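Chain by chain, the residues:
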Amino acid sequence: ATPTAPTAAGTATLTASQLSGAWTLVSLQVTGQVAQPAPAGAPYAIVFEDGRLSARADCNVCTGSFTLSGAQLST
């Protein structure tokens, strides 16, 4: 199955299994700031697996654990 994002922020309850797999990032938004689109053709991706995430934005890579509370993802 192809994962899909909730239609309205804050209204959906997500589970780790719904996030599981690789996602392409199309924009990033820091709390309180305007969303910034990913540059066209940029290799921006995030993978969720076994309670951990790994993200890639150009040559930058990060990994860590995550938690879910409703539709809120925290690292």
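See above for the structure.
Residues numbered from 1 in each chain as written. Predicted model: local features only at pLDDT ≥ 70, side-chain atom pairs only at ≥ 80, totals over all residues. Heavy atoms only, no water.

Examining the packing of aromatic side chains
Counted according to the given criterion, the structure contains one aromatic pair. Judged by centre distance (5.1 Å) and plane angle (80°), the ring pair of Phe 48 and Phe 66 falls under edge-to-face. Placement of the pair is Phe 48 in strand β4 (residues 45-49) and Phe 66 in the loop between β6 (60-65) and β7 (67-69), with a sequence separation of 18 residues. A residue is classified by how much of its surface remains accessible, and Phe 66, at 10% relative accessible area, is buried. (Phe/Tyr/Trp six-rings, centres within 6.5 Å; stacked < 30°, edge-to-face > 60°. Helix = DSSP H or I, 4+ residues; strand = E, 2+ residues; numbered from the N terminus. Buried < 20%, exposed > 50% of the residue type's maximum accessible area, 1.4 Å probe, protein only.)

Quick look at the pairing of β4
Only one face of β4 is buried, namely the one carrying Ile 46 and Phe 48, since none of Ala 45, Val 47 and Glu 49 on the opposite face is buried. Direction of pairing for strand β1 (residues 21-24) relative to β4: antiparallel, over a ladder of four bridges. Counted as the bridge partner of Trp 23 is Ile 46 from β4. Looking at chain direction, β4 and strand β5 (residues 52-57) are connected through five bridges and run antiparallel. Within β5, the position partnered with Ile 46 by the bridge is Ala 55. Between β4 and β5, which pair antiparallel and follow one another directly, the connecting turn spans two residues, one of which, Asp 50, has a positive phi of 55°. (Pairing = 2+ DSSP bridges.)

Describing the sheet that holds β6
Consider a sheet: its strands pair through backbone hydrogen bonds, and that pairing is either parallel or antiparallel. What the four strands build is an open sheet, ordered β1-β4-β5-β6; its pairing is antiparallel. Strands with a single pairing partner mark the edges of an open sheet, and in this sheet they are β1 and β6. On average, each strand axis in the sheet is inclined to that of its neighbour by 15°, with strand direction left out of account. (Axes fitted to C-alpha atoms, helices over the stretch in contact; angles between N-to-C directions.)

Observations regarding the nonpolar core
Counting seven residues, the largest nonpolar core is built from Leu 19, Trp 23, Ile 46, Phe 48, Leu 53, Ala 55 and Phe 66. At the level of elements, β4 and β5 are the ones that each hand at least two residues to this core. Not counting residues up to four positions away in its chain, the partners in contact with Ile 46 are Gly 21, Ala 22, Trp 23, Leu 25, Leu 53, Ser 54 and Ala 55. (Core = buried A, V, L, I, M, F, W, Y, C linked by side-chain atoms within 4.5 Å. Contact = heavy atoms within 4.5 Å.)

Read these as spatial facts, not as claims about activity.
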